[in-house]
Every structure is written in structure tokens, then in C-alpha cells.
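Architecture and fold: a report
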Amino acid sequence: MRLELKILNFLLFTSILLLFSNCERKEKVKSLKLGHSLDTKHPVHLGLEFLSEKVTEISEGKLTIKIYPNGQLGTEREAVELLQVGSLDMTKVSSAVLENFSPTYKVLGLPYIFRDQEHAFKVLDGPIGKELLTKTEDAWIRGICFYDAGARSFYFKDKPIRTPDDLRGMKVRVMNSPIAFSMIKAMGGSPTPISFGELYTSLQQGVVDGAENNPPSFYSSKHYEVCQYYSLDEHSMVPDVLVISTHAWKDLNQQERGWLMDAARQSVEYQRKVWAEGVKEALDEVQKAGVEIIRPDKAPFKSSVQSVYEAYEDDPEIQSYIKRIQEVN
């Protein structure tokens, strides 16, 4: 009887130890929920997958990121709102959308603010980029890093865009961005804000005549099935921003934040390589599908948007950022 009692006590003691051990392991694992509206083949999604893998690897499984693509958790704007209330931890958002939360982000959307891709990377990777990432904290959003979203250009259903005059009277889908509105108006077009998920149908039905975006997005969205002309005027290089809810950020300790930032830095390098490959593939594929690729003279486009810059002559903060960006070599 005593032997049986000892065995029972031993088994009970062992079970309690295993229970506490399992609880301890669970407490050490944190999982962040990341939602976005892009297709799983999109270069930015591939960068986010790399981020998730690296976070798990660096933290040895103590910090993980679960990704919900294809708008499963809502549109880009809805995802940002979920971040603000703490219902979602992370998302990918265009810097143009962040203009609505921090006016300083406008500077990144100014047409032709960057001389080329190399110039853009130097700005975003340097002090200016680091400053901007913290500018939305008052809105419960913190920037983690910038992802390459390439150069945005015009695509239209029935009309090739060779000069700004070709945009006159045309309805152009734009993001909900004051800068984007000003730019299209300066070129003579009519800016029309429509969510990206509704754009394909809007193009089909003639709600808008065309839109503007980078090659991978033009291809992955299948907008090339509706629009037969793609004009590479490359009027802006609006980056994507990986953002985290300040609620989630505060819940991470210093070590966990370090893991996340290290993984993010590595994912930026990876995503830029994937992006370059994606641009080439996208242009090749849309051409095969019958899209006419136009490479217009950019000078007239640059001249047409000077009024966008003039509108900020009385804004000392924006003027300061413009000057600093232009001085980056």
C-alpha cells in the first residue's frame, strides 16, 4: 500500500512539474499578428515572410509573427485603425496613408523628390528615415522599417500617357493622400480616391480612366487585363512602411524589440533584391499580355508639378525636410 502511495505521489509531483514547465514555455513565447492586403506573390509579402522566419530564428522561437495576407483582416486603412486600438499588432502601409497621421510623411510623396533609387535608399536608411518612423507615435503607430515600393507610373485603359497634357480631364485613381491629389491636379487630371481592392472593378466599369502604381502591383493585381498602356514616367517613389501598434511595442521587452529590429533590417535587404526581380518579371509579363510600355520624357512631368512644391513654401518643417533630402548624396 505504501509503495502504491509513493508511486501515486511521484506521478502527481511529476505531472505538476510538467504542467508548470509547459506554462513557463508558453509564457516565454510571444506571437505578433500581422495583416496586410497584398497578394502572397507580391515582393513586399515575400519580405514579410522573410521577416517572420528571421524573427523566429533569431529569437529561437520565443518571438513569432503570424501573417494574414490578401486583406483577410481588412483594407489597408482598416488595418491601421485596428493597430490604433490594439486589435492588430503589425501591418504594411504605404507612407502616403501615413500622411493622414503625420503631415511630415508628405515629403516622401512629393513628385520627383528622389533623384533615383539609390538616393531614395540613402534617405530612408539614414537619419531622415529614422526620424520619420517615429513621427506617428502620437497616433499609436510606430514605424519599424521602409520597404521598397518602387516607382509609381501611370496606366490607362484606352489612352497612352506621353505628356502631362494627356492627363487633362482624365479620372485617375489615387491613394487617399493630399500630395497625390495635388500632383494629379497639377498635371491636369482629376484625382479619384478608391480603395485598391475595388480598383479592378472601377477600371472595368469606367469609374476611373486609369491609375498609377509600381510594376509588381500593376501585374499582381491583374490591372493589366483592363489597362493596355503603362507609361513609366516614375513620378514618385512612395515607400511602404512596416508599422507596429504602440500597444504591441510597449508589450515587448528590450530583447524582444532587438530581435524584431534585427530581423526587420535583414528583411529590408532581402526585400529590395526580390523587388528588383519582381519589377523585371512584371514588365516582361504585362508586355507578353499585350500591354504597351511607354517610356516618356520625364522633364515635362517634372515641370508640371512645381506648384506642388510651392504649396509648402510657408511650411518650415516640410521645407526643412525637402532641403535635407536634396542635400543627401
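Now for a look at the structure at hand.

Rules used in this analysis
Residues numbered from 1 in each chain as written. Predicted model: local features only at pLDDT ≥ 70, side-chain atom pairs only at ≥ 80, totals over all residues. Heavy atoms only, no water. Helix = DSSP H or I, 4+ residues; strand = E, 2+ residues; numbered from the N terminus. Expected span 1.5 Å × (residues − 1). Polar contact = N/O pair within 3.5 Å; in protein donor to acceptor, adjacent residues only side chain to side chain. Core = buried A, V, L, I, M, F, W, Y, C linked by side-chain atoms within 4.5 Å. Buried < 20%, exposed > 50% of the residue type's maximum accessible area, 1.4 Å probe, protein only. Pairing = 2+ DSSP bridges. Axes fitted to C-alpha atoms, helices over the stretch in contact; angles between N-to-C directions. Salt bridge = Lys/Arg side-chain N within 4 Å of Asp/Glu carboxyl O.

Comments concerning helix H12 (residues 254-288)
Because an α-helix completes one turn every 3.6 residues, residues spaced three or four positions apart along the sequence face the same direction. The first and last C-alpha atoms of H12 sit 50 Å apart over 35 residues, in line with the 51 Å expected at 1.5 Å per residue. Capping of H12 at its N-terminal end is provided by asparagine 253; its side-chain oxygen lies 3.1 Å from the backbone amide nitrogen of glutamine 255. Directly beyond the C-terminal end of H12, a positive phi value near 105° is found at glycine 290.

Points about the nonpolar core
Counting 50 residues, the largest nonpolar core has Tyr105, Leu108, Leu110, Phe114, Phe146, Phe154 and Val241 as its most contacted members. In terms of nonpolar packing, the next biggest core, distinct from the first, is built from 25 residues, Val44, Ile65, Tyr147 and Ile244 among them.

Some points on the sheet that holds strand S2 (residues 63-68)
The strand order across the open sheet formed by 5 strands is S2-S1-S3-S10-S4, and the pairing between neighbours is mixed. Edge strands, defined here as strands with exactly one partner in the open sheet, are S2 and strand S4 (141-147). The mean angle between the axes of side-by-side strands here comes to 30°, regardless of whether they run parallel or antiparallel. Two elements, strand S1 (residues 30-35) and S2, share 6 bridges in a ladder whose sense is parallel.

Brief notes about the pattern of salt bridges
Going through the model one piece at a time under the given rule, you end up with 19 salt bridges. Across the pair lysine 92 and glutamate 76 runs a salt bridge whose closest N-O atoms are separated by 2.9 Å. Taken as a pair, lysine 92 in strand S3 (residues 90-94) and glutamate 76 in helix H3 (residues 76-85) lie far apart in primary sequence, 16 residues in all. Summarising the burial analysis for this pair, lysine 92 and glutamate 76 share the class buried. Close ionic contact of glutamate 81 with arginine 77 constitutes a salt bridge, the shortest N to O distance being 3.5 Å. Of this pair, glutamate 81 and arginine 77 both sit in helix H3, 4 residues apart, roughly one helical turn.

By themselves, these are just geometric observations and shouldn't be taken as functional.
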